Amino acid sequence: RASLEEGYARARGQAETFCQDLTQVRAEHQELQAKIAQAASALDKKTSECQALQSELQESQLSARQQCEKLEQQMRDDISSVQQEELLRAEDAASAASAAAAAAERDE
């Protein structure tokens, strides 16, 4: 009978130790779940921030591209205008030279 009581006491002690271990494991599991939830939330926030920055970057790139295209067009227009002015000056100079040559011939 003493042996039976000893076995019972030992089994009870092991059961109590197991229950304590299980309680500790459950607590650790809950802590880990909370940390995982926090990490997931932080990741979602960072992902949203990253997406917002990517959108902002794309808008900036588009705006910069449009500004470059506008500047290129202005440069083309300016070059064309200068070329047109030079052409008119050359035509005026040619007309003046032709008139001067005609006047010189008349004077001779």
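Data block above holds the structure.
Residues numbered from 1 in each chain as written. Predicted model: local features only at pLDDT ≥ 70, side-chain atom pairs only at ≥ 80, totals over all residues. Heavy atoms only, no water.

Q: Could you clarify how one ought to interpret the overall build of the chain in this entry?
A: Secondary structure assignment for the chain yields 1 helix and 0 strands. On C-alpha atoms alone, the chain measures out to a radius of gyration of 46 Å, which is more than a quarter above the 13 Å that the 2.2 N^0.38 rule sets for 108 residues. For the chain, the spread of C-alpha atoms along the three principal axes comes to 155 × 15 × 10 Å. Expressed as a percentage of the 108 residues in the chain, the buried residues total 0%. As displayed, the chain offers around 9,900 Å² of accessible surface, 55% of which is attributable to carbon and sulfur atoms. Across the chain, the 12 positively charged side chains and the 21 negatively charged ones have centroids separated by 19 Å. (Helix = DSSP H or I, 4+ residues; strand = E, 2+ residues; numbered from the N terminus. Rg over C-alpha atoms; globule rule 2.2 N^0.38 Å. Buried < 20%, exposed > 50% of the residue type's maximum accessible area, 1.4 Å probe, protein only. Areas by Shrake-Rupley, 256 points an atom, 1.4 Å probe, with all protein chains shown as cover. Lys, Arg positive; Asp, Glu negative; His and termini not counted. Charge placed at Lys NZ, Arg CZ, Asp CG, Glu CD.)

Q: Looking at this structure, how should I read the environment of alanine 94?
A: Assignment of secondary structure puts alanine 94 in helix H1 (residues 2-107). C-alpha separation for the pair alanine 94 and glutamine 74, spaced 20 residues apart in sequence, amounts to 30 Å.

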